[in-house]
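Breakdown of the fold
Here is what each chain is made of, one letter per residue.
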Amino acid sequence: MAHQLETIRKRAIFIMTRKKGKILHGKTFNIQILENQNLNNLIYVGFTATKRIGKAVKRNKAKRIMRELARKVITKYGKINSYYVLIAKPSIFENSFHSQEIELKNLVS
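Cut-off values and rules
Residues numbered from 1 in each chain as written. Predicted model: local features only at pLDDT ≥ 70, side-chain atom pairs only at ≥ 80, totals over all residues. Heavy atoms only, no water. Salt bridge = Lys/Arg side-chain N within 4 Å of Asp/Glu carboxyl O. Helix = DSSP H or I, 4+ residues; strand = E, 2+ residues; numbered from the N terminus. Buried < 20%, exposed > 50% of the residue type's maximum accessible area, 1.4 Å probe, protein only. Expected span 1.5 Å × (residues − 1). Arc of directions from axis to C-beta. Contact = heavy atoms within 4.5 Å. Core = buried A, V, L, I, M, F, W, Y, C linked by side-chain atoms within 4.5 Å. Pairing = 2+ DSSP bridges. Axes fitted to C-alpha atoms, helices over the stretch in contact; angles between N-to-C directions. Polar contact = N/O pair within 3.5 Å; in protein donor to acceptor, adjacent residues only side chain to side chain.

Throughout the structure, instances matching the rule amount to two salt bridges. Two residues, Glu 35 and Lys 79, come together in a salt bridge whose shortest N-O distance is 3.4 Å. Residue Glu 35 is located in strand S3 (residues 29-35), and its partner Lys 79 is located in the loop between helix H2 (56-77) and strand S5 (82-88); the two are separated by 44 residues in the primary sequence. In this structure Glu 35 comes out as partly exposed when scored by relative accessible area, which is 46%. A salt bridge links Arg 71 to Glu 68, with the shortest nitrogen-to-oxygen separation between them at 2.5 Å. Taken together, the residues Arg 71 and Glu 68, both in helix H2 and three residues apart, mark about one turn of the helix.

Attention shifts here to helix H3 (residues 97-108). Between its first and last C-alpha atoms H3 spans 16 Å; for twelve residues at 1.5 Å apiece the expected length is 16 Å, and the two agree. Listed in full, the buried residues belonging to H3 are Gln 100, Glu 103, Leu 104, Leu 107 and Val 108. For H3, the buried positions fall inside an angular range of 125° around the axis, keeping them on one side. Opposite the buried face of H3, at more than 90 degrees from it, the exposed residues are His 98 and Asn 106. Buried residues along H3 sit against strand S2 (22-25), S3, H2 and S5.

Ile 31, Val 45, Ile 74, Tyr 84, Leu 86, Ala 88 and Leu 104 are the most contacted members of the largest nonpolar core, which totals 22 residues. The element contributing the most residues to this core is H2, with seven residues.

Another aspect to go through is the sheet that holds strand S1 (residues 5-7). Taken in spatial order, the five strands line up as S1-S4-S5-S3-S2 in an open sheet, and their pairing is mixed. Whereas interior strands pair on both sides, the edge strands pair on one side only; in this sheet they are S1 and S2. Going across the sheet, the axis of each strand differs from the next one's by a mean of 25°, ignoring polarity. Of the pairings in the sheet, the one linking S1 to strand S4 (residues 43-48) comprises three bridges and is parallel in character. Bridge pairing in S4 places Thr 7 opposite Val 45. Strands S2, S3 and S5 of the sheet are contacted by H3, whose axis makes an angle of about 30° with S3.

The element S3 is extensively covered by neighbouring structure, given that six of its seven residues are classed as buried. As paired elements, S2 and S3 share four bridges and run antiparallel to each other. Within the sheet, the bridge partner assigned to Leu 24 lies in S3 and is Ile 31.

Here we take up the side chain of Gln 100. The topology assignment puts Gln 100 in helix H3. Residue class for Gln 100 comes out buried when judged on its relative accessible area of 1%. Within the structure, the side chain of Gln 100 is placed 2.7 Å from the backbone oxygen of Ile 92, a separation counted as a polar contact. Other than its neighbours up to four places away in sequence, Gln 100 contacts Thr 28, Phe 29, Ile 65, Leu 69, Ile 92 and Asn 95.

Spelled out as structure tokens, the structure:
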């Protein structure tokens, strides 16, 4: 069942998700998850790519990859009324998109 995705835009929500949520470590990215019953049956997703990834062009590419992964995987397998923050690792450019899709599905499920 496909759910509607919204983007996290406020820094306070990123910080709240980091402090109160749980973190799952993957090979190409980490994901922070926080459930909140006040989200009106929506899924909120945020994306982070630090300077450890590379310069702006690489960080933007990493975010584009993660946005597409979220659109394909989190809409199907994510829990409604939750915040998801995807944090890119440098290995995001080394693995194929299909393997990243499987990894995210395993982390979210």
